[in-house]
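These are the residues of each chain, in order.
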Amino acid sequence: MSTHGDHVELRIGDTERTEAERLLGEHLRVGRLTAEEFGERANVAVSARTRRELSMLFEDLPAPHPTFELPAPLQYQPLTEQVAMPIGMAPMRSPSTDNAHTVAKVLAVLVGIPVAGLTLLAGGGFTLAIVDRLPPSLAMLTAAAIGVLVLAGIVAGVQRFKPK
């Protein structure tokens, strides 16, 4: 147990303030403090924030003084059992996420591979015919989207049909 001089800058709570008021009342009861002194010190105790502020109220008084117990240090304990997921938190992957990825891959294959094939067959003319009719800013976005679809279709197709 720590005494009133240790860790003087640590903040205190209501428990410590109440203990200090009770101990000041003891000093009043045995005649070490006048009612006026008790009132002044009790007001300081109620608004004290640190151990030092409470300790100063007892510097000229014999025991009893407030005692300040340090809380036990937190100990790391490795997780030994599976803990339930808190309400409202979803796991990192779920069946619905897997389904969404599967749908995206299928769409990439169904759209990307035909677009890539038509582009190769037309020597680039298929995508150019679409892009040339659009305003310049939208043409850039469309060309980028077509490029992403082609790439995604090729990647998804390779992944889908590669031997396991």
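Residues numbered from 1 in each chain as written. Predicted model: local features only at pLDDT ≥ 70, side-chain atom pairs only at ≥ 80, totals over all residues. Heavy atoms only, no water.

1. Here's the deal with the overall build of the protein chain
A tally of regular secondary structure across the protein chain gives six helices and zero strands. Relative to its 164 residues, the protein chain shows a buried fraction of 24%. A fraction of 66% describes how many contacts in the protein chain between residues 6 or more apart in sequence connect residues 24 or more apart. Carbon and sulfur atoms make up 64% of the accessible area of the protein chain, which totals about 12,300 Å². (Helix = DSSP H or I, 4+ residues; strand = E, 2+ residues; numbered from the N terminus. Buried < 20%, exposed > 50% of the residue type's maximum accessible area, 1.4 Å probe, protein only. Contact = heavy atoms within 4.5 Å. Areas by Shrake-Rupley, 256 points an atom, 1.4 Å probe, with all protein chains shown as cover.)

2. Observations concerning helix 1 (residues 14-29)
Between its first and last C-alpha, helix 1 extends 22 Å over 16 residues, near the 22 Å set by a 1.5 Å rise per residue. For helix 1, every residue scored as buried is listed here: Arg-17, Glu-19, Ala-20, Leu-23, Leu-24 and His-27. Buried residues of helix 1, viewed axially, fall in a sector of 160 degrees; they line one side. Those residues of helix 1 that are exposed and angled more than 90 degrees off the buried face are Asp-14, Thr-15, Arg-22 and Arg-29. Packing partners of the buried residues in helix 1 comprise helix 2 (35-47) and helix 3 (51-56). Following helix 1 by one or two positions, Gly-31 adopts a phi angle in the positive range, close to 90 degrees. (Expected span 1.5 Å × (residues − 1). Arc of directions from axis to C-beta.)

3. Things to note about unusual backbone geometry
Between Ala-63 and Pro-64 the backbone carries a cis peptide bond, its omega angle lying at 15 degrees. As for its position among the elements, Pro-64 is in the loop between helix 3 and helix 4 (95-121).

4. Some remarks on the environment of Arg-32
As for its position among the elements, Arg-32 is in the loop between helix 1 and helix 2. For the pair Arg-32 and Asp-60, spaced 28 residues apart in the sequence, the C-alpha separation amounts to 9.8 Å. Beyond its immediate stretch of four places on either side in the chain, Arg-32 contacts His-27, Glu-37, Leu-61, Pro-62 and Ala-63.

5. Concerning the packing of helix 1 against helix 2
A pair of packed helices is characterised by two quantities: the angle between their axes and the separation of those axes. Direction vectors running N to C along helix 1 and helix 2 enclose 170 degrees, while the axes themselves pass 9 Å from each other. Classified by the angle between their axes, helix 1 and helix 2 sit roughly antiparallel to one another. Together, Arg-17, Ala-20, Glu-21, Leu-24, Gly-25 and Leu-28 of helix 1 and Ala-35, Phe-38, Arg-41, Ala-42, Ala-45 and Val-46 of helix 2 make up the contact between the two elements. Of the residues belonging to the contact of helix 1 with helix 2, the class tally is eight nonpolar, one polar and three charged. (Axes fitted to C-alpha atoms, helices over the stretch in contact; angles between N-to-C directions. Parallel < 35°, antiparallel > 145°, perpendicular 65-115°, else oblique. Nonpolar A, V, L, I, M, F, W, Y, C, P; charged D, E, K, R; others polar.)

6. With respect to the nonpolar core
By size, the foremost hydrophobic cluster in this structure holds 12 residues: Ile-12, Ala-20, Leu-23, Leu-24, Leu-33, Ala-45, Ala-48, Leu-54, Leu-57, Phe-58, Leu-61 and Phe-68. If one sorts the elements of this core by residue count, helix 1 sits on top with three residues. With sequence-adjacent residues up to four places away left out, Ala-20 is seen in contact with Ala-45, Leu-54, Phe-58 and Pro-66. (Core = buried A, V, L, I, M, F, W, Y, C linked by side-chain atoms within 4.5 Å.)

7. Here's the deal with helix 2
Taking 1.5 Å of rise per residue, the 13 residues of helix 2 would be expected to cover 18 Å, and the 19 Å separating its terminal C-alpha atoms lies within 8% of that figure. Listed as buried for helix 2 are Arg-41, Ala-42 and Ala-45. Within helix 2, the buried residues cover an arc of 105 degrees as seen down the axis, which keeps them to one side. Of the residues in helix 2, the exposed ones pointing more than 90 degrees away from the buried face are Glu-36, Asn-43 and Ser-47. As for helix 2, its buried residues are in contact with helix 1 and helix 3.

8. Let's talk about the pattern of salt bridges
One pass over the full model with this rule turns up four salt bridges. Linking Asp-14 and Arg-17 is a salt bridge whose minimum nitrogen-to-oxygen distance equals 2.9 Å. Linking Asp-14 with Arg-17, this pair stays in helix 1, spanning three residues, or about one helical turn. Assessed through its relative accessible area of 16%, Arg-17 is described here as buried. For Asp-60, the salt bridge goes to Arg-41, with nearest N and O atoms at 2.9 Å. Of this pair, Asp-60 sits in the loop between helix 3 and helix 4 while Arg-41 sits in helix 2, placing them 19 residues apart in sequence. (Salt bridge = Lys/Arg side-chain N within 4 Å of Asp/Glu carboxyl O.)

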